[in-house]
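# Geometric and topological summary
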Amino acid sequence: MTETLNPNQRAGFAAIIGAPNAGKSTLVNRLTGSKVSIVTQKVQTTRFPVRGIAIEGDAQIVLVDTPGIFTPRRRLDRAMVASAWGGAQDADVVLHLIDAPSHIASEGRDGTPADRKSAEDTETIIANLQATGTKVILGLNKIDGMRRDTLLALSHRLFETGVYEEVYMISALSGDGVDDLKKRLARSMPEGPWLYPEDQSADVPVRVLAAEITREKVYLRVHEELPYSAAVETTSFEEKADGSARIEQTIYVERESQRPIVLGKGGQTLKWIGQKSREELIELLDRPVHLFLTVKVDPKWQDSRALYAQFGLEFDV
């Protein structure tokens, strides 16, 4: 029997770009209704495009959650920024997400250095969009508790740059305004059959997603003491005969002084990281998980071709 295709189906790619910490990962998680991208207090936690899959009516929206676009300094930075722009160029629609309160704060005396850095990154993105003639949708995020006249003034200023087709005011955290945005993204999808099964919420290799979950726990626990000098690699993923999964991971830090931070007194910090990561992996994989973590010092982990390959990043950028 031949399967009948739905003639009304749409499917395509929506790229979400923005400065680090604009709320891209939170929005992807909100749109898909599941956790496909890590969210921490640290900016710049997304290192590769995560394809979350959202459904709106007959439309399937493949969400490319790009790394935050910023001024690159190191090899890893260059790879991440190249990945972000690549995700935008290949998409059917592009959403530029901006942290509204941070952007407004950057224009006044109360703005922090982080606010001003975020605003600079946003200006860089706008300049690139102007240079390439790319038309995108503007999403003003984190609007909770903000005055509407302040938001309208900001949207007008940004709209005058000429790169935006429409403006949506949203809160990815609370969901305010997200449904309207989701419908808009769905309308931008080209006609055609769905690209993924209906029950699939992400197109991320499970080894990579497992590594990202553990990396999130590292930053949640030691975000004050540890800068962006850590990576997690899934070195072994074994399906056991009893239906469980045996996962081995290595947490890389750059200096010997950082190893005790991740281990904690008597190994308690590493134990907490492992426990929280395992709990989430059990829920994600829907099976028992045996997780084994090792902490290694490697000053040159950012020059590891294997790690770049794991995240689908170009090494020679």
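If you're wondering where the values come from, they're calculated on a predicted model, not measured in any experiment.

Quick look at the overall build of the protein now. Per the secondary structure count, the protein includes 10 helices and 9 strands. Residue pairs in contact within the protein that sit at least 24 positions apart in sequence constitute 71% of those at least 6 positions apart. Element-wise, carbon and sulfur atoms account for 49% of the exposed surface of the protein, whose accessible area totals about 15,200 Å².

With that settled, consider the sheet that holds strand S9 (residues 289-297). Strand order in the open sheet formed by 3 strands is S7-S8-S9, and the pairing between neighbours is mixed. Unpaired on one side and paired on the other, strand S7 (230-239) and S9 mark the two borders of the sheet. For this sheet the average axis-to-axis angle between neighbouring strands, irrespective of direction, equals 20°. Relative to S9, strand S8 (residues 245-253) is paired through 9 bridges, and the arrangement is parallel. Each bridged residue has a counterpart across the sheet, and for Ala245 the counterpart in S9 is Val289.

What follows is about the nonpolar core. Among the nonpolar cores identified, the biggest contains 23 residues, and Ile247, Ile251, Val262 and Leu281 are the most heavily contacted of them. Elements represented by at least two residues in this core include exactly helix H7 (206-222), S7, S8, helix H9 (268-285) and S9. Non-local contacts of Leu281, meaning those with residues more than four positions away in its chain, are made with Ala210, Ile213, Ile247, Asp286, Val289 and Leu291. Membership of the second largest hydrophobic core comes to 22 residues, among which are Leu27, Val93, Ala172 and Leu181.

Our focus in this paragraph is the packing of H7 against H9. Where H7 meets H9, the closest approach of the two axes is 9 Å, and the angle between their N-to-C directions is 140°. The orientation of H7 relative to H9 falls into the category oblique. Both H7 and H9 take part in a crossing whose hand is right-handed. Between H7 and H9, the contacting residues are Val206, Leu209, Ala210, Ile213, Thr214, Glu216, Lys217, Val218, Leu220, Arg221 and Val222 on the first element and Thr269, Trp272, Ile273, Lys276, Ser277, Glu280, Leu281, Leu284 and Leu285 on the second. Of the residues in the contact of H7 with H9, the class split is 12 nonpolar, 3 polar and 5 charged.

Summed over all chains, the structure comprises 0 aromatic pairs. One cation-aromatic arrangement involves Arg246 over Phe292; the distance from NZ or CZ to the ring centre is 4.2 Å.

For helix H5 (residues 148-159), with 12 residues, the first-to-last C-alpha span of 16 Å sits near the 16 Å given by 1.5 Å per residue. Buried residues of H5: Leu151, Leu154, Ser155 and Leu158, and no others. Considered in projection along H5, the buried side chains sweep an arc of 100° and stay on one side of the axis. Structurally, H5 contributes buried residues whose contacts are with strand S4 (93-99), helix H3 (100-106), helix H4 (113-132), strand S5 (136-141) and strand S6 (164-169).

Its place among the elements puts Ala91 in the loop between helix H2 (75-89) and S4. Placed 29 residues apart in sequence, Ala91 and Val62 show a C-alpha to C-alpha distance of 9.2 Å. Ala91 has contacts with Phe13, Ala14 and Ala15, leaving out every residue within four places of it along the chain.

Moving on, we get to the packing of helix H1 (residues 24-32) against helix H6 (residues 178-187). H6 packs onto H1 with a crossing angle of 80° between their chain directions and a minimal axis gap of 11 Å. Classified by the angle between their axes, H1 and H6 sit roughly perpendicular to one another. Together, Leu27, Arg30 and Leu31 of H1 and Val178, Leu181, Lys182 and Leu185 of H6 make up the contact between the two elements. In the contact of H1 with H6, the residues fall into 5 nonpolar, no polar and 2 charged.

Relative to the helices and strands, Glu248 is located in strand S8. Assessed through its relative accessible area of 30%, Glu248 is described here as partly exposed. Once the C-alpha coordinates of Glu248 and His290 are considered, the two residues, 42 residues apart in sequence, prove to be 8.4 Å apart. Not counting residues up to four positions away in its chain, the partners in contact with Glu248 are Glu233, Thr234, Thr235, Ser236 and Phe292.

Tracing the sequence through the fold places Gly145 in the loop between S5 and H5. What makes Gly145 exposed here is its relative accessible area of 84%. Sequence separation of Gly145 and Pro101 is 44 residues, and the distance between their C-alpha atoms is 9.7 Å.

What follows covers the pattern of salt bridges. Counted under the stated rule, the structure contains 12 salt bridges. Notably, a salt bridge pairs Arg184 with Glu165, separated by 3.7 Å at the nearest N-O pair. One end of the pair, Arg184, is in helix H6; the other, Glu165, is in strand S6, with 19 residues separating them in the sequence. A residue is classified by how much of its surface remains accessible, and Arg184, at 10% relative accessible area, is buried. Overall, the relative accessible area of 43% leaves Glu165 in the partly exposed class. The partner of Arg287 in a salt bridge is Glu239, with the nearest N and O atoms 2.2 Å apart. Of this pair, Arg287 sits in the loop between H9 and S9 while Glu239 sits in strand S7, and the two are 48 residues apart along the sequence. If you follow the salt bridges from partner to partner, you end up with Glu165, Glu166 and Arg184 in one network.

Criteria and thresholds
Residues numbered from 1 in each chain as written. Predicted model: local features only at pLDDT ≥ 70, side-chain atom pairs only at ≥ 80, totals over all residues. Heavy atoms only, no water. Helix = DSSP H or I, 4+ residues; strand = E, 2+ residues; numbered from the N terminus. Contact = heavy atoms within 4.5 Å. Areas by Shrake-Rupley, 256 points an atom, 1.4 Å probe, with all protein chains shown as cover. Pairing = 2+ DSSP bridges. Axes fitted to C-alpha atoms, helices over the stretch in contact; angles between N-to-C directions. Core = buried A, V, L, I, M, F, W, Y, C linked by side-chain atoms within 4.5 Å. Buried < 20%, exposed > 50% of the residue type's maximum accessible area, 1.4 Å probe, protein only. Parallel < 35°, antiparallel > 145°, perpendicular 65-115°, else oblique. Left-handed = near helix turned anticlockwise from the far one by under 90°. Nonpolar A, V, L, I, M, F, W, Y, C, P; charged D, E, K, R; others polar. Phe/Tyr/Trp six-rings, centres within 6.5 Å; stacked < 30°, edge-to-face > 60°. Lys NZ or Arg CZ within 6 Å of the ring centre and 35° of its normal. Expected span 1.5 Å × (residues − 1). Arc of directions from axis to C-beta. Salt bridge = Lys/Arg side-chain N within 4 Å of Asp/Glu carboxyl O.

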